[in-house]
Amino acid sequence: MRRQVLLFFSVLSLASVLGQVSYSIPEEMEKGSLVCNIAQDLGLDVKRLKSGRARIHSGDSAEFIELNKERGVLLIKERIDRETLCGEMTPCALHLQMILENPMELFRITIEITDINDNAPTFSSGEKRFEISESAVIGSKFVLEKAIDADIGTNDLQSYSLNPTNNFALKLENQADGGKKVEMVLQKPLDREQQEQISLLLTAVDGGQPRMSGTMQIIVNVLDVNDNSPVFTKSVYKATITENSPRGTSVITVSASDKDGGSNGEISYAISSSMRRLSDLFQINRKTGEVILIGEIDYEKSKLFQIDIEAIDNGGLSDSSKILIDVTDVNDNSPQIKALSKSDTILEDSPENTVIAMLSVNDPDSDRNGEVKCNINDDIPFKIQNTMNGFYSLVTEVALDREVASQYNITVTCSDEGVPSLSSSVTLTLQISDVNDNAPVFERSSYEAYIVENNTPGLSVFTVKAKDADWNQNARVSYILEDFSVNGVPVSSYVSVSADSGVIHAVRSFDYEQIKDFQFRVKAQDGGSPPLSSNVTVKIVIQDQNDNPPQVLYPVQTGGSVVAEMVPRAADVGYLVTKVVAVDVDSGQNAWLSYKLQKATDRALFEVGLQNGEIRTIRQVNDKDAVKQRLTVIVEDNGQPSRSAAVIVNVAVADSFPEVLSEFTDFTHDKEYNDNLTFYLVLALAVVSFLFITCVVVIISVKIYRWRQSRTLFHSNLPVIPYYPPRYSDTLGTGTLQHVYNYEVCRTTDSRKSDCKFGRAGSQNVLIMDPSSTGTMQRIQSEKSILDEPDSPLEVRKSKQSKHFTAMLFKFNFFRGASVTSNSFNAVDECVSLQLSLSAPWTVPFSFALKLLCQ
């Protein structure tokens, strides 16, 4: 079947490209028949139809056309009957829209349905009867029923024929609406006596190929005498009616006259029987000719009505006329809004003028009642544009920001120009998809936290917090400790940060005395792609805790020697004896020190400065005061709880050294130990006990062995090689000033005289006493022998045991770590120097064993 195609395009420069094509196809095409290659005609690729999810929008029309996206063609979906679709309206067309997405595009498609000759002319009835008087004059006209042909154009009704034509001829008269008025005209007088009934055949023929026709049988009964036909006052009547007028409304009254009198002059009115559709809307009064509305009139369905009416007298004569009724439009239809395509979501970084919806707006009313304007609600970043007649695009007006608004309810309102104006609206919901365009932001520009020293490792210090204005994964914040060094040590060895919560934990226990504060940076990073981050500086300040006791710098406490401060007996009140110097490594009030005199030999003689630690006399020294004075000074800090240290200060009340040497010989050195050394002391006692037993066994064995050798040497008259230990300078005097006395004692076998050499001390006010010595030495200006007298305290008696165990004693002294200085043991032709200085508690058992062996 041949089809005609008319193609043209129009392109609008908006957010989408719009075009229009027109086609022409005949009606009654088979289902699945090809209409056109729409992809080729529009210059589109078949892939574009698939990717754009192409679809056909037919509006209110039935779906007669379908799109085959695989081939890019339009096909017949249902058989199209032009007469059912459009009736008498010409041209008859389908108005379609093809919609593509990504990006959105709209194409208008118009398909005109052309008529084919598929309907034959028909008459409303198969038979028409006339009763005509035999006196009817030649030329009398009788109106015949017009045939109806649903086709249009050349396929419509074209001609009539009447057979036989002995008495009547057919007359056709063109009317204003393009139709034909069919009349039968008497051309030969009737003679009832010759032919009482005449049968005629009226044939209606259309102009299609092939031609089709319809017939109606006409029966004429010949009557007597009615020779005047009714005549209408107008050939065409015109009336106006408003749509939606109520039933019973009078439209118009027609009138006809008949010159006959009596019953032959009585006229009745009727609507032509061929107007079956109009007879459901209008009714004519048979007596008065008044036309009344009996149905509902809709301007949008029909704007003009043409009614054929007849006037018939009782003699069968008739006349015809036409009524033209114009329908006046009323604004009774609101604009109809349909979303052809819309997006439910859009990225917040979409550019301006991005199309989010395409709308079709239609108002069936006419003139100003059908003129529509559309707008959207205020205060939203969108605008609506009229892309073409009846079509609108909703586009973005400015850049979107999901953090300002994550969802928009866009209400599109369309109003017509009628009075009163009618409107309709539709609300579109648009979700704004998040884009990672916001970096995390900390609640503060910097953080400073405080932690007390000696904390437990793993302690939570404080929490940093950052917020991200984005959504979902883009707003998920992780915390990272940036690489940083504190005093050359990675900051990760000091603190750690929880990646999820931002809680900062102390990795180690802090010591205020080692580090007082440090800084590092924490980075907050979101989970977007690519991720965004920001950082903040965190300062940790270590707070001091009173965890260090005071440390006494002077006087220095020694284990092997006694340091004594000398006070002359002529000292006045307030005489400065010495000064206790102490420090506390803590800070603040934890390092504020105070000095107190805890114990003293004579508390009425000395006092200690509370703040400076100076020891002064508080009264005049007299002869009754003891020579040796022992003061215990407590140094206490101001912490909570406070810590303290004790120092023992030995004071010698004398005017010269010889006066006090003997007093300090037996001076015991007390040593205070910290409570936390108890365990080690118990352990040391056990070890010493074990070593003592071992040493006793070893010494006894060595004694026996040496004794046997010495007896052998004694009886052999061989010279004995003396053993001389190295000189030793006592360094146990650890006071502020160094006061050391070095001396050497040498004895021969036969002589009781020896040489005693003394070194000079650095001061006359400080004495050094050695507890292992059997006597005291006083510094003198010149060397003097003190060995001339027989009962000298330094004389060492020769004994059998000492003679045999001299060498063994030296070995034992070095084995236990003792210091050898000045005590001398004599043997035959031997000169031996020996000093045993016991500087540790654990040597006491060895000293006792030594004395036991030397008896």
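Because the structure is predicted, anything quoted here is derived from the model rather than measured.

Asker: Help me understand the packing of aromatic side chains in this model?
Answerer: For any pair of aromatic rings, the description rests on two quantities: the centre-to-centre distance and the angle between the ring planes. All chains considered together, the criterion is met by 13 aromatic pairs. Aromatic pair F282 and F305: ring centres 5.4 Å apart, planes at 70°, arrangement edge-to-face. Separated by 23 residues along the polypeptide, F282 in strand β21 (residues 282–284) and F305 in strand β23 (residues 304–313) bring together distant segments of the chain. One aromatic cluster is present, built from ring pairs that chain together F442, Y447, F462 and Y479. Above the ring of F130, the side-chain terminus of K128 is found at 5.4 Å from the ring centroid. We note K303 situated over the ring of Y299; from NZ or CZ to the ring centre the distance is 5.1 Å.

Asker: Mind showing me how you'd approach the state of the cysteines here?
Answerer: Simply put, the disulfide is a covalent bond whose two ends are the sulfur atoms of two cysteines. Inspection of every chain in the model, using the stated rule, returns two disulfides. Between C86 and C92 runs a disulfide, and the two sulfur atoms are separated by 1.8 Å. One quick way to see it: the torsion about the S-S bond of C86 and C92 is about 65°, and its sign makes the bridge right-handed. Taking relative accessible area as the criterion, C92 reaches 2% and is therefore assigned buried. Note that C374 is cross-linked by a disulfide to C414, the S-S spacing being 2.0 Å. Judged by the sign of its S-S torsion, about 105°, the bond between C374 and C414 is right-handed. Of this pair, C374 sits in strand β28 (residues 372–376) while C414 sits in strand β31 (residues 407–416); the two residues are 40 residues apart in sequence, bridging distant segments of the chain. For the residue pair C374 and C414, the accessibility class agrees, reading buried in each case.

Asker: When you look at the side chain of N117 in this model, what are you seeing that I'm missing?
Answerer: When you line up the elements, N117 lands in the loop between β8 (105–114) and β9 (127–133). For N117, a relative accessible area of 15% gives the class buried. Among the polar contacts made by the side chain of N117, one reaches the side chain of D206 at a distance of 3.4 Å. Polar side-chain contacts of N117 include one of 2.9 Å to the backbone oxygen of P210. Once you skip the residues sitting within four places of it in the chain, N117 turns out to touch D151, N155, D206, G208, Q209, P210, R211 and M212.

Asker: Looking at this structure, I do not really get the nonpolar core. What am I missing?
Answerer: Most often, soluble globular proteins have nonpolar side chains that are buried together. Formed by 29 residues in total, the largest nonpolar core has its most connected members in F518, F520, V522, V538 and I540. For this core, the secondary structure elements donating two or more residues are β34 (446–452), β35 (460–463), β37 (478–481), β40 (495–497), β41 (503–506), β42 (517–525) and β43 (533–543). Membership of the second largest hydrophobic core comes to 28 residues, among which are L49, L96, M98 and L100.

Asker: When you look at the sheet that holds strand β18 (residues 250–253) in this model, what are you seeing that I'm missing?
Answerer: Paired through backbone hydrogen bonds, the strands of a sheet run either parallel or antiparallel to each other. On the basis of which strands lie adjacent, the open sheet formed by three strands has the order β18-β22-β21 and antiparallel pairing. Edge positions in the sheet fall to β18 and β21, since each has one partner strand and no second. On average, each strand axis in the sheet is tilted by 20° relative to the strand beside it, whichever way the strands run. Inspection of the sheet shows β18 paired to strand β22 (residues 290–293) by three bridges, in the antiparallel sense. Pairing of T253 across the sheet is with E290, part of β22.

The rules behind each value
Residues numbered from 1 in each chain as written. Predicted model: local features only at pLDDT ≥ 70, side-chain atom pairs only at ≥ 80, totals over all residues. Heavy atoms only, no water. Phe/Tyr/Trp six-rings, centres within 6.5 Å; stacked < 30°, edge-to-face > 60°. Helix = DSSP H or I, 4+ residues; strand = E, 2+ residues; numbered from the N terminus. Lys NZ or Arg CZ within 6 Å of the ring centre and 35° of its normal. Disulfide = S-S within 2.5 Å. Buried < 20%, exposed > 50% of the residue type's maximum accessible area, 1.4 Å probe, protein only. Polar contact = N/O pair within 3.5 Å; in protein donor to acceptor, adjacent residues only side chain to side chain. Contact = heavy atoms within 4.5 Å. Core = buried A, V, L, I, M, F, W, Y, C linked by side-chain atoms within 4.5 Å. Pairing = 2+ DSSP bridges. Axes fitted to C-alpha atoms, helices over the stretch in contact; angles between N-to-C directions.

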